[in-house]
Amino acid sequence: MISETTEFKSICVAGLGYIGLPTAALFAKSGIQVFGYDVNPSTVEIINNGQAHIKEVDLDGLIQGVTANGMLTASTKPSKADVYILCVPTPFSDNQKPDLSFLEQVLDDIAPLIKVGDLIIIESTVPPGTTRNICTLLEEKRPDLKEAGGAGTAYYAAHCPERVLPGRILIELVQNDRIIGGMTEPCADKARNLYETVVRGECFLTTSQTAELAKLSENAFRDVNIAFANELSVIAGKLDIDVWELISLANKHPRVNILNPGPGVGGHCIAVDPWFIVDAAPEETKLIKTARSINDSMPQNVVERIQTAAEKLKTPKIACLGLAFKADIDDLRSSPALEITEKLACNDSYEVLAVEPNIKHLPSSLQNGNVEFTSLQDALKRADIVALLVDHTQFKRINRKQLLDKIIIDTRGLWS
Ligand code: SAJ
């Protein structure tokens, strides 16, 4: 049923990934007709069959419901709508420059469909100034929109960054506060009206450029703080001090809250977004750059610890527990655990036992001779060295007696 309380009757969501699909489903559930659009035909097929192609808490049931009642349909082509929400990836290229090609492709696709009064929202994380540049590009493709007054008059445009945590996406999409960065004030007002149909958190209005930098700053803040914890773990290792005890004691101070060290920072957000700030202000980002390089050096640091332990053994059997970039998800993108396992797999004298309860097959980068995809119990039985790379729930339940005769490399502080 189409909601009677909203001025928006239809939304076209571009990019049906970790953000686009839950966002599309949530709006569809609120009673707005949603047309999802993704370049990947198999993604489209799976969604139209009523399933989610990604693993996320409670998403399967939601997709089943909104596709069954026709409120969400997926296609490889965009459809005309009142609102266009852009949720495509914005990675960086090899030289750490932002790659906005997916965003520009979507703009090419939707530009002919946009009509006077439509709202365009960029949810993808983007470098400062991108929303303005996208509007300029749109107006080059559609001079009629420029002649009719451009952004804020002929059409509306805003950057409304997503801020949700994988594993809690459906909860956080509704509960988190939202930054609404309008190209103009009427643009921000219009975008707020849209989000207020599903968001229970507060919507804070600002300019598109401030919203862009705010989103990048959130992730850079976390990156810098994790880098501090990681640097401490290297220092503590050198001084033979237990970093977990150290941090827990330091955190007893009322104004200290050190994050958790780990095998590095993965995923497609925190490990990427700080580079967008560096690109915008290369000379002024010394701390942000250093944090990135500390976090990027952690997988190699873990590999060296495992190599040192393996030197004592004739034919080392190494269990790599976890491949995902963090606990209880199936996402292997930029995963430090995967990078560590790949590096170990390059050594022919090792037998590598890879355990990842959230996936069904090994990724292609690990499909070579000395890596075996196996169960947790099998790996624990056979391994000489157990490297805990991800703190998945299943690993938290391991009976400590099973580890007594093993060399343990615990990168997550589970067995400290
Ligand atoms: N990590 C640590 N130590 C910690 C916390 C995290 O090593 O104390 C590692 C994780 O293991 C993982 C990486 O950092 O490899 C990133 O994990 P995360 O849980 O910190 O963040 P993401 O990438 O899942 O989601 C982040 C969130 N941003 C912030 O918390 C500021 C999320 O709210 C954003 O929506 C998301 O990025 C995004 O899409 O930008």
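The structure displayed is predicted, hence computed values, not measured ones. One numbering rule holds for all chains: residues counted from 1, following each sequence as written. This being a predicted model, a pLDDT of at least 70 is required before a residue's local features are given, and a value of 80 or more before pairs of side-chain atoms are given or counted; all residues contribute to the totals for chains, interfaces and linings. The side-chain numbers reported here are obtained from all heavy atoms of the structure, hydrogens and water having been left aside.

Colleague: Which residues make up helix α10 (residues 243-250), and what values go with them?
Modeller: With a 1.4 Å probe rolled over the protein chains alone, any residue whose accessible area is under 20% of its type maximum counts as buried; one over 50% counts as exposed, and the rest are partly exposed. Going along the chain from the N terminus, every DSSP run of H or I of four or more residues is numbered as a helix, and every run of E of two or more is numbered as a strand. Among all positions in α10, only V243, W244 and I247 are buried. Angularly, the buried residues of α10 cover 100 degrees about the axis, an arc narrow enough to put them on a single face. Where α10 is buried, its residues contact α9 (208-238) and β13 (407-410). Any pair of nitrogen or oxygen atoms within 3.5 Å is treated as a polar contact; in protein, a donor-acceptor pairing is required on top of that, and neighbouring residues in sequence qualify only through side-chain atoms on both sides. Between the side-chain oxygen at the start of α10 and the backbone nitrogen of W244 there is a gap of 2.8 Å, and the oxygen is on D242. The arc under discussion is defined with respect to the helix axis, by the directions toward the C-beta atoms. Throughout, a residue-residue contact means that at least one pair of heavy atoms, one from each residue, lies within 4.5 Å.

Colleague: Explain the packing of helix α11 (residues 273-280) against helix α12 (residues 286-310) residue by residue, including any values.
Modeller: Relative to each other, α11 and α12 sit at 145 degrees, their axes nearing to 10 Å. Read as a crossing pair, α11 and α12 show a hand that is left-handed. In this structure, α11 uses P274, W275, I277 and V278 to contact α12, whose residues at the interface are I288, K289 and R292. Interaxial angles span 0 to 180 degrees and are taken between N-to-C directions of axes, which are lines fitted to C-alpha atoms, for helices over the stretch in contact. By definition, any crossing whose near helix is turned counterclockwise from its far helix by less than a right angle is left-handed, and any crossing with a clockwise turn is right-handed.

Colleague: Describe the domain arrangement of the protein chain, with residues and values.
Modeller: Domain limits in this description derive from either an automatic procedure or a database domain assignment. If you check the domain split of the protein chain, you get domain 1 (10-201) and domain 2 (218-410). Relative placement of domain 1 and domain 2: their C-alpha centres are 33 Å apart. Each partner contributes residues to the interface: domain 1 has 17 residues there, and domain 2 has 15 residues. Around 1400 Å² of area is buried between domain 1 and domain 2 when both sides are counted, 58% of it from carbon and sulfur atoms. The largest share of the area that domain 1 buries against domain 2 comes from Y18, K55 and F92, three residues that together contribute 36% of it. Only one rule defines a salt bridge in this text: a Lys or Arg side-chain nitrogen within 4 Å of an Asp or Glu carboxyl oxygen. With a shortest N-O distance of 2.5 Å, E218 and R163 are connected by a salt bridge. Inspection of the region where domain 1 meets domain 2 yields four residue pairs in polar contact (both at pLDDT 80 or more). The residue inventory of the side of domain 1 that touches domain 2, partitioned by class, reads ten nonpolar, four polar and three charged. As used here, buried area is the combined drop in accessible area, with a 1.4 Å probe, of two parts when they are placed together. Three residue categories are used. Nonpolar comprises Ala, Val, Leu, Ile, Met, Phe, Trp, Tyr, Cys and Pro, charged comprises Asp, Glu, Lys and Arg, and polar comprises the others, including Gly.

Colleague: I'd like a description of the site of the ligand, backed by residues and values.
Modeller: What surrounds the ligand is a group of 21 residues, the closest being E162, K215, N219, R222 and N260. A distance of 2.9 Å is found between an oxygen atom of the ligand and a backbone nitrogen or oxygen belonging to G266. Contact distances for the ligand include 2.8 Å between an oxygen atom and a side-chain N or O atom of K326. The class makeup of the residues in the shell around the ligand is nine nonpolar, four polar and eight charged. A domain split of the shell around the ligand shows at least three residues from each of domain 1 (10-201) and domain 2 (218-410). Throughout, the term near means that a residue has one or more heavy atoms lying within 4 Å of the molecule or strand in question.

Colleague: Outline the sheet that holds strand β11 (residues 371-373), listing residues and values.
Modeller: If DSSP finds at least two bridges between two strands, the strands pair. The strand order β11-β10-β9-β12-β13 describes an open sheet built from five strands, whose pairing is parallel. A single partner strand is all that each edge strand has here, and the edge strands are β11 and β13. Averaged over all adjacent pairs, the angle separating strand axes in this sheet is 20 degrees, with direction ignored. By the bridge criterion, four bridges tie strand β12 (residues 385-388) to β13 in an arrangement that is parallel.

Colleague: Please give an account of the pattern of salt bridges that cites residues and values.
Modeller: The tally for this structure, following the rule as stated, stands at 19 salt bridges. The residue K115 makes a salt bridge to D82 at a minimum N-O spacing of 3.4 Å. With K115 in the loop between α4 (101-110) and β5 (119-122) and D82 in the loop between β3 (72-75) and β4 (83-86), the pair connects residues that are 33 residues apart, well separated along the chain. Looking at K115, the relative accessible area reads 35%, which means it is partly exposed. Here R292 makes a salt bridge to D223, at a shortest N to O gap of 2.7 Å. Of this pair, R292 sits in helix α12 while D223 sits in helix α9, and the two are 69 residues apart along the sequence. Each member of the pair, R292 as well as D223, carries the same accessibility label: buried. One network of salt bridges, in which partners are shared, links E351, E372, D378 and R382.

Colleague: Requested: an account of the sheet that holds strand β8 (residues 203-207), with residues and values cited.
Modeller: Taking strand neighbours across the sheet as the criterion, the eight strands line up as β3-β2-β1-β4-β5-β6-β7-β8 in an open arrangement whose pairing is mixed. Among the strands making up the open sheet, the edge pair consists of β3 and β8. Across the sheet, the mean angle from the axis of one strand to that of its neighbour is 25 degrees, orientation sign disregarded. Here four bridges tie strand β2 (residues 33-37) to β3, and the two strands are oriented parallel to one another. When the bridges of β3 are listed, V34 appears paired with L72. Along the sheet, α4 makes contact with β1 (10-14), β2, β4 and β5, crossing β4 at roughly 160 degrees.

Colleague: Could you give an account of a nonpolar patch on the surface, naming the residues involved and the relevant values?
Modeller: A surface patch of nonpolar side chains, about 340 Å² in accessible area, is lined by I235, L239, I241 and L246. With respect to the secondary-structure elements, I241 resides in the loop between α9 and α10. Nonpolar side chains (Val, Leu, Ile, Met, Phe, Trp, Tyr) within 5 Å and like charges within 9 Å form the patches, drawn only from residues with over 30% relative accessible area and no salt bridge. We get accessible surface area from the Shrake-Rupley algorithm with a probe of 1.4 Å; when it comes to residues, only the shown protein chains can shield them.

Colleague: Any details on helix α2 (residues 41-48)? Residues and values, ideally.
Modeller: Within the span of α2, buried status applies to T43, V44 and I47. One side of α2 carries all its buried residues, which in axial view fall inside an arc of 100 degrees. Every exposed residue of α2 that faces more than 90 degrees away from the buried side is listed here: P41 and E45. In this structure, the buried residues of α2 make contact with α1 (20-29), α3 (59-68) and β3. Residue N40 occupies the N-cap position of α2, its side-chain oxygen lying 3.0 Å from the main-chain nitrogen of S42. Just past α2, the residue G50 takes up positive phi, approximately 85 degrees.

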